[in-house]
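Commentary on secondary and tertiary structure
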Amino acid sequence: MKSLQPVPALFKVAKAMLCDAWDMRLAEAQNTKSALLKQLKETERQIENLLDRIVDAANPSVVGA
């Protein structure tokens, strides 16, 4: 068993595969982050619009709610 050792080229291939997998996961995480930030901005915009509508409301029950 001691004489059986992988050749250095095998380590290079394995390292390249792991680096590619890491880069793919990183890109996926960055895409998810971008999508979540876009969703956050849209939600904040909707909240601002709702608050503006409430402030402009003249109906006391709407303002109270």
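**Topic: the overall build of the protein chain**
The number of helices and strands found in the protein chain is two helices and zero strands. In summary, the protein chain has a C-alpha radius of gyration of 27 Å against a globular reference of 11 Å for 65 residues, an excess of more than 25%. For the protein chain, the C-alpha atoms occupy an extent of roughly 85 × 20 × 5 Å along the three principal directions. With 65 residues in all, the protein chain has 0% of them scored as buried. Accessible surface, the protein chain as shown: approximately 6500 Å² in total, 65% of it carbon and sulfur. Placing the 9 positive and 8 negative side-chain charges of the protein chain at their respective mean positions leaves the two points 15 Å apart.

**Regarding the UniProt feature "coiled-coil region" (unreviewed entry) in the protein chain**
Under the UniProt annotation, the feature "coiled-coil region" (unreviewed entry) is placed at residues 26–57. Counted over residues 26–57, helix gives 97% and strand 0%. Its end C-alpha atoms are 47 Å apart.

**A word on a negative patch on the surface**
Where like charges cluster on the molecular surface, the negative patch consists of Glu44, Glu48, Asp52 and Asp56. Mapping Asp52 onto the fold places it in helix H1 (residues 8–56).

**A short note on the pattern of salt bridges**
Throughout the structure, instances matching the rule amount to one salt bridge. Residues Glu42 and Arg45 are paired through a salt bridge, measuring 2.5 Å at the closest nitrogen-oxygen approach. A residue pair is termed a helical-turn pair when its members lie 3 or 4 positions apart in one helix, as Glu42 and Arg45 do in helix H1 at three residues. The exposure class assigned to Glu42 is partly exposed, which follows from its relative accessible area of 33%. Residue classification places Arg45 among the partly exposed positions, given a relative accessible area of 42%.

Conventions and cut-offs
Residues numbered from 1 in each chain as written. Predicted model: local features only at pLDDT ≥ 70, side-chain atom pairs only at ≥ 80, totals over all residues. Heavy atoms only, no water. Helix = DSSP H or I, 4+ residues; strand = E, 2+ residues; numbered from the N terminus. Rg over C-alpha atoms; globule rule 2.2 N^0.38 Å. Buried < 20%, exposed > 50% of the residue type's maximum accessible area, 1.4 Å probe, protein only. Areas by Shrake-Rupley, 256 points an atom, 1.4 Å probe, with all protein chains shown as cover. Lys, Arg positive; Asp, Glu negative; His and termini not counted. Charge placed at Lys NZ, Arg CZ, Asp CG, Glu CD. UniProt positions renumbered as here; feature names shortened; annotations may be inferred. Patch = residues over 30% accessible without salt bridge, like charges linked within 9 Å, V, L, I, M, F, W, Y side chains within 5 Å. Salt bridge = Lys/Arg side-chain N within 4 Å of Asp/Glu carboxyl O.

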